[in-house]
Amino acid sequence: MSGDIATIAQQLGAAVELTMNPAIPMEQRHQAFNQLEEFKENSPYGSQCGFHLVASSESPVVRHFGLKILEDVVKARWNTMVGEEKVFIKDSLMKLMSSGTGHLTVEHLFIKDALARIVVELVKREWPQQWPSLLQELDTLCRQGETQTELVMFVLLRLVEDVALLQTLEQTQRRKEIYSELTANMEQIFTFLLGLLEKHYGAYKASGNEEHCRVSMAIVNTFTALVEWVNIQHVMANEKYLLRCLSHLLSDPRLQLAAGECLLGIVGWKAGKMTERAQLLCLFETDMMVPLFAATENAEKHKLDCDHYNFLKKMIEILTGLGEQLCALWTKESPRSSLPNLTTYLDALLSFTRHPSQSVNLYANELWAKFFRH
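Bear in mind the structure is a predicted one, so any value in this text is a computation, not a measurement.

Asks: Help me out: how do you make sense of the side chain of His 212 in this one?
Replies: With respect to the secondary-structure elements, His 212 resides in helix H11 (residues 210-227). Those residues in contact with His 212 that lie beyond four places of it in its chain are Glu 146, His 200, Ala 203, Tyr 204 and Ser 207.

Asks: Sorry if this is basic, but what is going on with the packing of aromatic side chains here?
Replies: Both the distance between ring centres and the angle between the ring planes are used here to describe each pair of aromatic rings. Here the structure, examined in full by the defined rule, presents seven aromatic pairs. With a centroid separation of 5.5 Å and an interplanar angle of 80°, the aromatic rings of Phe 51 and Phe 88 are classed as edge-to-face. Here Phe 51 is found in helix H3 (residues 46-56), whereas its partner Phe 88 is found in helix H5 (residues 83-99), with 37 residues between them in sequence. Taking the centre distance of 5.6 Å and the plane angle of 85° together, the rings of Trp 368 and Phe 371 count as edge-to-face. Of the two residues, Trp 368 and Phe 371 both sit in helix H19 (residues 358-373), three residues apart, roughly one turn of that helix. The two residues Trp 368 and Phe 371 agree in class, both being buried.

Asks: Mind showing me how you'd approach the pattern of salt bridges here?
Replies: Two side chains with opposite charge may pair up if their charged atoms get near one another. Applying the stated criterion across every chain yields a total of 24 salt bridges. Here Asp 72 ties to Lys 40 by a salt bridge, and the two come within 3.4 Å at their closest N and O atoms. One end of the pair, Asp 72, is in helix H4 (residues 60-77); the other, Lys 40, is in helix H2 (residues 26-42), and 32 residues separate them in sequence. You can call Lys 40 buried: its relative accessible area is 17%. A salt bridge links Asp 252 to Lys 205, with the shortest nitrogen-to-oxygen separation between them at 3.8 Å. Taken together, the positions of Asp 252 in the loop between helix H13 (237-249) and helix H14 (256-267) and Lys 205 in helix H10 (residues 186-207) put the pair 47 residues apart, joining distant regions of the chain. Among the residues examined, Lys 205 registers a relative accessible area of 51% and is labelled exposed. Through salt bridges with shared partners, a single ionic network connects Glu 37, Lys 40, Lys 68, Glu 71, Asp 72, Lys 75, Asp 113, Arg 117 and Arg 158.

What counts, and at which threshold
- Residues numbered from 1 in each chain as written.
- Predicted model: local features only at pLDDT ≥ 70, side-chain atom pairs only at ≥ 80, totals over all residues.
- Heavy atoms only, no water.
- Helix = DSSP H or I, 4+ residues; strand = E, 2+ residues; numbered from the N terminus.
- Contact = heavy atoms within 4.5 Å.
- Phe/Tyr/Trp six-rings, centres within 6.5 Å; stacked < 30°, edge-to-face > 60°.
- Buried < 20%, exposed > 50% of the residue type's maximum accessible area, 1.4 Å probe, protein only.
- Salt bridge = Lys/Arg side-chain N within 4 Å of Asp/Glu carboxyl O.

This is the structure we're talking about:
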């Protein structure tokens, strides 16, 4: 049987290469495409051939097709599979996560994304009832190295997007179950992510290592998907450790835009009561506000550079987002507490109303209009 699988996989690989070759006549490419589609829809050897293509081919396009076969198999046939094949797919996928991709600096992003997508499809069908050890297995993968850690971050990011942000999981009951399980384990997830960020960012600052930088960015992107909807207590845990980490990352040229995006999600948090949102005013404290202003000032000095200009716009969104939270929290009915650095904040905001960039001064002027209407 293994010889048959290898032969079929070799034929599939040749057909994939044929469809992607612009020198081949259109009719032949179309025939090869139909052959591939027929295999995906009807062949009982989809999972075996998919894993064989991923493991044996040197062509990224063929490996991606192998992953695509696996995704289609999980989506279309999972509920009718026998238990042995389910165990085979799950175990083989975790082996791929462990050692089935190239190093994170050389592996193609579309390969990593495709692998993460299959694992997430499996999670949607198995976790937590049939896969209670998922979080422990992901933790074990992260201990193996940077490549595995980045893949785990891709899995968590896509899972959170599908279940909580974009809500693309069509089965409402399953979405609610996974959402509840994520919420129940959120303290553990945040502790896990913060530990990884501290470890890899520390290694990156000490060595300037590209791998640790990429992993740090993947971790921050995962946080960005979480902070908009989780309970504010997780964001503020350990004496606001996450906020302090993000404020520090604003000074790093390679990570500042990702950190700014995450901080913007926190500043715009509206998932709870007003008393919970009031905790966000801690960003007016001096040790929080100083890094915000320093990062904004540095971006302003280099605003003719495209990356710095994009970061400047992100910082203005953060500062104006803080002002919008003030508008929501300071009403006739709610008591107004004095805020440190409020005068400095308003002076900075006023200066941005005269900024030469229309995008920047638009954010500032719109906030001032809200203040006056308020």
